[in-house]
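Descriptive analysis of the structure
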Amino acid sequence: MENAVKDYAAGLAAGLATVTVGHPFDTVKVNLQARSPVAHASAIRCAGWILNHEGVRGLYKGATSSFAGMAVEGSLLFGIYSQTKARLQGGEAAARTPNLSTVLPSAAFGGGMISLILCPTELVKCRLQVQEKGSSSKELRRYSGPLDCAKKTIHAGGVPGLFRGLSATFFRECVGNMCFFATYETSRSFMLSHLSKETSLSSRLQASSFSQTLFEAVVGIVSGGVSGMAFWVAVLPFDVAKTRIQTALDLSESRSLLFNLRKIRRELGFRGLYTGLGPTLVRAFPANAAAIVTWELTAKLLGSRQLHTLESSLV
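Residues numbered from 1 in each chain as written. Predicted model: local features only at pLDDT ≥ 70, side-chain atom pairs only at ≥ 80, totals over all residues. Heavy atoms only, no water.

Moving on to the overall build of the protein chain. Secondary structure summary: the protein chain contains 12 helices and 0 strands in total. Scored against the burial criterion, the 315 residues of the protein chain give a buried share of 52%. Sequence-distant contacts, at least 24 apart, represent 80% of the contacts inside the protein chain between residues at least 6 apart. Summed over its atoms, the accessible surface of the protein chain is roughly 14500 Å², and 64% of this surface lies on carbon and sulfur atoms. (Helix = DSSP H or I, 4+ residues; strand = E, 2+ residues; numbered from the N terminus. Buried < 20%, exposed > 50% of the residue type's maximum accessible area, 1.4 Å probe, protein only. Contact = heavy atoms within 4.5 Å. Areas by Shrake-Rupley, 256 points an atom, 1.4 Å probe, with all protein chains shown as cover.)

See below:
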């Protein structure tokens, strides 16, 4: 029970770090995907357009629901992943070499569970992100804030209205987190084991706890950033379809994931399925690097047994 609390607490910290660093990039991505007035501009021009019209605060539209959602998401994702992996490993501490037969199902299970929370919070976030500040048009300025958006969504379509795009969110999170944690575990293990074998580096690390912490932070930045990019390269088409489904003004439009993927492919070609890839990857590296470093540091401070640490590699 004690280890579970530590795992969920570390995950919560990781979720908050992700939003703090990544939300502005996400706002640009959503605006590109939803085909707002800046839909055909580049990511840089889109960001400039938002800053010009709404200032820095415009890049953090929908952040309130994101902070709430990501705090819960991060806690559940990392907590469920750590606990499930520990159970599949028989309760043993983290091994030096990751076992993908435990990593992949643990990641898929965690991803599937958090999709139930992410779907409604991301629906609110996306709808707030694509509306224009100060517009007199009811079509462009429909919600005064997250609660107003949630209320109007429920009024229009009932509670199920908050879960538009659930299938796309589910597949994105299951497949994406399998790619994320597999990349993270293997890259982190590779760097810790190979770099620690360097004699001169090993002696320096053993002599200073600060050097060990700094080294692990660098490993966390690289492994976390690369893993975040792997996540989005694998599942961005699901995310593009989800954004279309959730921001559609016509509620009679199909919620089918396959229907929307085919529609996007038909209208915009294969490149349309990767709309927003630029800002997504630019966001993915720093946001996930921050999440992983925060997760690892918090887990270490709390004494979680789930991480294969540098100290074990130096033995």
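Our focus in this paragraph is the environment of Gly-110. Along the polypeptide, Gly-110 turns up in helix α5 (residues 100–130). The sequence separation of Gly-110 and Cys-174 amounts to 64 residues, and the corresponding C-alpha distance is 7.6 Å. If sequence neighbours within four positions are ignored, Gly-110 has contacts with Leu-77 and Ile-80.

Glancing now at helix α10 (residues 257–268). Taking 1.5 Å per residue, 12 residues should reach 16 Å; α10 reaches 16 Å between its end C-alpha atoms and fits that length. Within the sequence span of α10, burial applies to Leu-257, Asn-260, Leu-261 and Ile-264. Buried residues of α10 fall within an arc of 100 degrees about the axis and therefore sit on the same side. Set apart from the buried face of α10 by more than 90 degrees, the exposed residues are Leu-258, Arg-262 and Arg-266. Sitting at the amino-terminal end of α10 is Ser-256, which places a side-chain oxygen 3.5 Å from the backbone nitrogen of Leu-258. Positive backbone phi, approximately 80 degrees, marks Gly-269, located one or two places after α10. (Expected span 1.5 Å × (residues − 1). Arc of directions from axis to C-beta. Polar contact = N/O pair within 3.5 Å; in protein donor to acceptor, adjacent residues only side chain to side chain.)

Judged by nonpolar contacts, the single largest core of 29 residues is most densely connected at Phe-78, Phe-181, Trp-232, Leu-257, Leu-261, Ile-292 and Trp-295. For this core, the secondary structure elements donating two or more residues are α1 (2–33), α4 (63–88), α5, α7 (166–195), α9 (209–247), α10 and α11 (277–302). In terms of residue count, the dominant contributor to this core is α9 (7 residues). Leave out the neighbours within four places in its chain, and Trp-232 touches Lys-29, Arg-172, Asp-239, Thr-280, Leu-281, Arg-283 and Ala-284. Counting 7 residues, the second-largest nonpolar core is a separate cluster that includes Val-124, Leu-128, Cys-149 and Leu-162. (Core = buried A, V, L, I, M, F, W, Y, C linked by side-chain atoms within 4.5 Å.)

A cluster of nonpolar side chains, Leu-214, Val-218, Ile-221, Val-222 and Val-226, forms an exposed patch at the surface whose accessible area comes to about 370 Å². Within the element layout of this structure, Val-222 appears in helix α9. (Patch = residues over 30% accessible without salt bridge, like charges linked within 9 Å, V, L, I, M, F, W, Y side chains within 5 Å. Salt bridge = Lys/Arg side-chain N within 4 Å of Asp/Glu carboxyl O.)

What follows deals with the packing of aromatic side chains. For the structure shown, the criterion picks out 9 aromatic pairs. Relative to Trp-295, the ring of Phe-78 has its centre 4.6 Å away and its plane inclined at 40 degrees; by these criteria the two rings are tilted. You can see Phe-78 sitting in helix α4 and its partner Trp-295 sitting in helix α11, a full 217 residues away along the chain. In this structure Phe-78 comes out as buried when scored by relative accessible area, which is 6%. Judged by relative accessible area, which is 4%, Trp-295 ranks as buried. Between the aromatic rings of Phe-270 and Tyr-274, the centroid separation amounts to 5.7 Å while the plane-to-plane angle is 45 degrees, which identifies the pairing as tilted. Look at Phe-270 and you get exposed, because its relative accessible area is 53%. (Phe/Tyr/Trp six-rings, centres within 6.5 Å; stacked < 30°, edge-to-face > 60°.)

All right, on to empty space enclosed by the protein then. Inspection of the entire model under this criterion finds 2 cavities of 30 Å³ or more. Put simply, the largest cavity is a space of about 520 Å³. By residue number, the principal contributor to the lining of the largest cavity is α1, which donates 9 residues. Within the lining of the largest cavity, the residues separate by chemical class into 12 nonpolar, 12 polar and 10 charged. (1 Å grid on protein atoms, 1.4 Å probe; cavity = no way out; pocket = protein on both sides within 12 Å on 5 of 7 lines; lining within 4 Å. Points joined across faces, edges and corners; volume = space filled by probe spheres on them. Nonpolar A, V, L, I, M, F, W, Y, C, P; charged D, E, K, R; others polar.)

Further remarks concern the side chain of Thr-153. With respect to the element layout, Thr-153 can be found in helix α6 (residues 146–157). At 3.1 Å, the side chain of Thr-153 forms a polar contact with the side chain of Arg-127.

Turning our attention to the state of the cysteines. In the structure shown here, the tally under the stated rule is 0 disulfides. Residue Cys-126 stays outside any disulfide, its sulfur separated by 9.7 Å from that of Cys-119, the closest cysteine. A relative accessible area of 1% places Cys-126 in the buried class. (Disulfide = S-S within 2.5 Å.)

It is worth spelling out the confidence of the model for the protein chain at this point. Of all residues in the protein chain, 83% attain a pLDDT of 70 or more, and the chain-wide mean is 83. Mean pLDDT across the elements of the protein chain bottoms out in helix α12 (residues 310–314) (49) and peaks in α7 (93). (pLDDT = per-residue confidence, 0-100.)

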